[in-house]
Amino acid sequence: MIDPSLIGRSLSPVTAHVEPGRLRYFRETLGETNPVYGDAKAAQAAGYAATPVPPTYLFCLEMMDAEQAFEFITVIGVDIGRLLHGEQRFTYRAPVVVGDTLLFQPRIVSVADKKGGAMTLVGIETKVTNQNGTHVADVSRTVVVLNPKTA
């Protein structure tokens, strides 16, 4: 079982720079073909100051630039083999574009046992701000912890 006193605990902040090369690799891996995400002129024609990131890129960017990519696993104290990715949500408040430097500030927001204790859902929310201090996005994820059966 996960200790509910972890609710409200902040995890280590992550600073990441939105680089065109890594963004291109992400797009190519996904097969993303929308020109807005790969062509600066198309992005500007669509009203962006520079090439924007695809919606799910923030999760990868935070993970790639973290000193400890999955710090929450250590914090909640479970083996990675008992974890499932349950849900992911992105709420954009302002565009995130190539050249931005982002600050990710994650924290544990919920711990809830389900199915008679067979699993625990852990909610993590991350506030994302850019180099100007503008709140650009919120990233929410739910991690499912499969609990060992008790006799």
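For the structure, check the block above.
Residues numbered from 1 in each chain as written. Predicted model: local features only at pLDDT ≥ 70, side-chain atom pairs only at ≥ 80, totals over all residues. Heavy atoms only, no water.

Those residues of helix α3 (residues 57-65) not exposed but buried are Y57, L58, F59, L61 and E62. For α3, the secondary structure elements touched by its buried residues are β1 (14-17), α1 (20-30), β2 (83-92), β3 (101-114), β4 (119-129) and β5 (135-146). (Buried < 20%, exposed > 50% of the residue type's maximum accessible area, 1.4 Å probe, protein only. Helix = DSSP H or I, 4+ residues; strand = E, 2+ residues; numbered from the N terminus. Contact = heavy atoms within 4.5 Å.)

Here the focus is the nonpolar core. Core analysis: the biggest nonpolar cluster contains 17 residues, and L58, L61, V96, L102, F104 and V128 have the highest contact counts within it. Broken down by secondary-structure element, the contributors of at least two residues to this core are β1, α1, α3, β3 and β5. Core analysis: the second largest hydrophobic core is formed by 15 residues, F72, I73, I76 and V143 among them. (Core = buried A, V, L, I, M, F, W, Y, C linked by side-chain atoms within 4.5 Å.)

In this section: the side chain of N130. As for its position among the elements, N130 is in the loop between β4 and β5. N130 sits in the buried class, given a relative accessible area of 13%. Reaching out from N130, the side chain makes a polar contact with the backbone nitrogen of N132 at a distance of 2.9 Å. For N130, the contacting residues outside a window of four places in its chain are T101, L102 and V136. (Polar contact = N/O pair within 3.5 Å; in protein donor to acceptor, adjacent residues only side chain to side chain.)

Either a parallel or an antiparallel arrangement is found when strands of a sheet pair, and the pairing is made through backbone hydrogen bonds. If you walk across this open sheet you meet the five strands as β1-β3-β4-β5-β2, and the pairing is antiparallel. Two strands close off the open sheet at either side, each with one partner strand: β1 and β2. The sheet shows a mean angle of 25 degrees between the axes of neighbouring strands, direction not considered. Inspection of the sheet shows β3 paired to β4 by 11 bridges, in the antiparallel sense. Each bridged residue has a counterpart across the sheet, and for S110 the counterpart in β4 is G123. Sitting on the sheet, α3 touches β1, β2, β3, β4 and β5, and the angle it makes with β1 is about 115 degrees. (Pairing = 2+ DSSP bridges. Axes fitted to C-alpha atoms, helices over the stretch in contact; angles between N-to-C directions.)

Two successive antiparallel strands, β3 and β4, enclose a turn made up of four residues, where K115 displays a positive phi of approximately 50 degrees. With 11 bridges joining them, β4 and β5 adopt antiparallel strand pairing. Looking at β5, one finds that M119 is bridged to L146. Where β4 folds back on β5, the antiparallel hairpin that results is connected by five residues, among which G133 adopts a positive phi of roughly 80 degrees.

The subject of this paragraph is the side chain of D138. In this structure, D138 sits in strand β5. Other than its neighbours up to four places away in sequence, D138 contacts R89, F90, T91, R93, T126 and K127.

This part takes up unusual backbone geometry. Positive phi, normally seen in glycine, also occurs at K115, with a value near 50 degrees. Along the chain, the position of K115 falls in the loop between β3 and β4.

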